[in-house]
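Now for the letters of each chain:
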Amino acid sequence: MTDGPDREAVGTLLRHVLEVLDADVAAVYVERGLADYRPRFSPPLRVLVADGPLPIRDLARRVGVTHSAASQTVAQMARAGLVELTPGADARQRIVHLTDRARELLPVIEAEWAATTAAMRELDAELPVPLADLLHEVLAAMRRRPMRQRIADAGLPPPA
């Protein structure tokens with residue numbers, strides 16, 4: 001018996017790695033009294049610090065996630081009192097603004113980001129290739145030839 005997902009269950013393995021990484025980073029926030037702060041908040045928060053208020057669509061593009069994922073994260077951040085939403089140019093657009101609470105937490109969040117970046121460099125040194133480099137290569141390969149096509153080419157009969 002292994003202590004993780006089956007080697008061939010790659011999707012499960014990727015989710016498991018992310019859960020392990022996120023749980024440890026989240027524990028750092030809990031230790032610092034920020035139990036309602038999630039690791040997934042840091043990329044949008046950092047973009048908003050750098051660029052100022054943005055529509056969710058633009059925030060999603062800058063972070064590199066779908067509009068739906070950004071919208072869900074922004075909703076969680078709003079419940080945690082980190083962002084506020086205001087109407088945009090039309091009724092469908094919402095502009096995301098940092099709150100005073102988010103600005104007050106920035107020193108802790110930025111210190112964690114720097115420490116996590118250093119910890120990832122240390123982890124990368126133990127790996128045959130840096131994790132982020134490998135993941136970018138995987139994404140590039142999937143753009144060149146999607147997994148759906150690879151499955152079909154592997155011999156799965158077409159649907160009836």
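Residues numbered from 1 in each chain as written. Predicted model: local features only at pLDDT ≥ 70, side-chain atom pairs only at ≥ 80, totals over all residues. Heavy atoms only, no water.

All right, on to the overall build of the chain then. Broken down by element type, the chain carries seven helices and three strands. Counting from the amino terminus, the chain carries its helices and strands in the arrangement α-α-β-α-α-β-β-α-α-α. In terms of overall dimensions, the chain is more spread out than a globule: its C-alpha atoms have a radius of gyration of 19 Å, far above the 15 Å expected for 160 residues. Seen along its three principal axes, the alpha-carbon backbone of the chain occupies a region of about 55 × 40 × 25 Å. Put simply, the chain has 160 residues, and 24% of those count as buried. Across the chain, contacts joining residues at least 24 apart in sequence account for 44% of those joining residues at least 6 apart. For the chain, the exposed surface amounts to about 11200 Å²; the carbon and sulfur share of it is 59%. (Helix = DSSP H or I, 4+ residues; strand = E, 2+ residues; numbered from the N terminus. Rg over C-alpha atoms; globule rule 2.2 N^0.38 Å. Buried < 20%, exposed > 50% of the residue type's maximum accessible area, 1.4 Å probe, protein only. Contact = heavy atoms within 4.5 Å. Areas by Shrake-Rupley, 256 points an atom, 1.4 Å probe, with all protein chains shown as cover.)

In this model helix H4 (residues 67-79) runs 18 Å from its N-terminal to its C-terminal C-alpha over 13 residues, within 8% of the 18 Å that 1.5 Å per residue would give. Among the residues of H4, Ala70, Ser71, Thr73, Val74 and Met77 are the ones counted as buried. Angularly, the buried residues of H4 cover 165° about the axis, an arc narrow enough to put them on a single face. Tucked into the core, H4 has its buried residues touching helix H2 (42-51), helix H3 (56-63), strand S2 (83-87) and strand S3 (94-98). Within two residues after H4, glycine 81 carries a phi angle of roughly 75°, on the positive side. (Expected span 1.5 Å × (residues − 1). Arc of directions from axis to C-beta.)

With the rule as written, the count across this model stands at seven salt bridges. By sharing partners, the salt bridges in this structure join Arg57, Asp58 and Arg61 into a single network. (Salt bridge = Lys/Arg side-chain N within 4 Å of Asp/Glu carboxyl O.)

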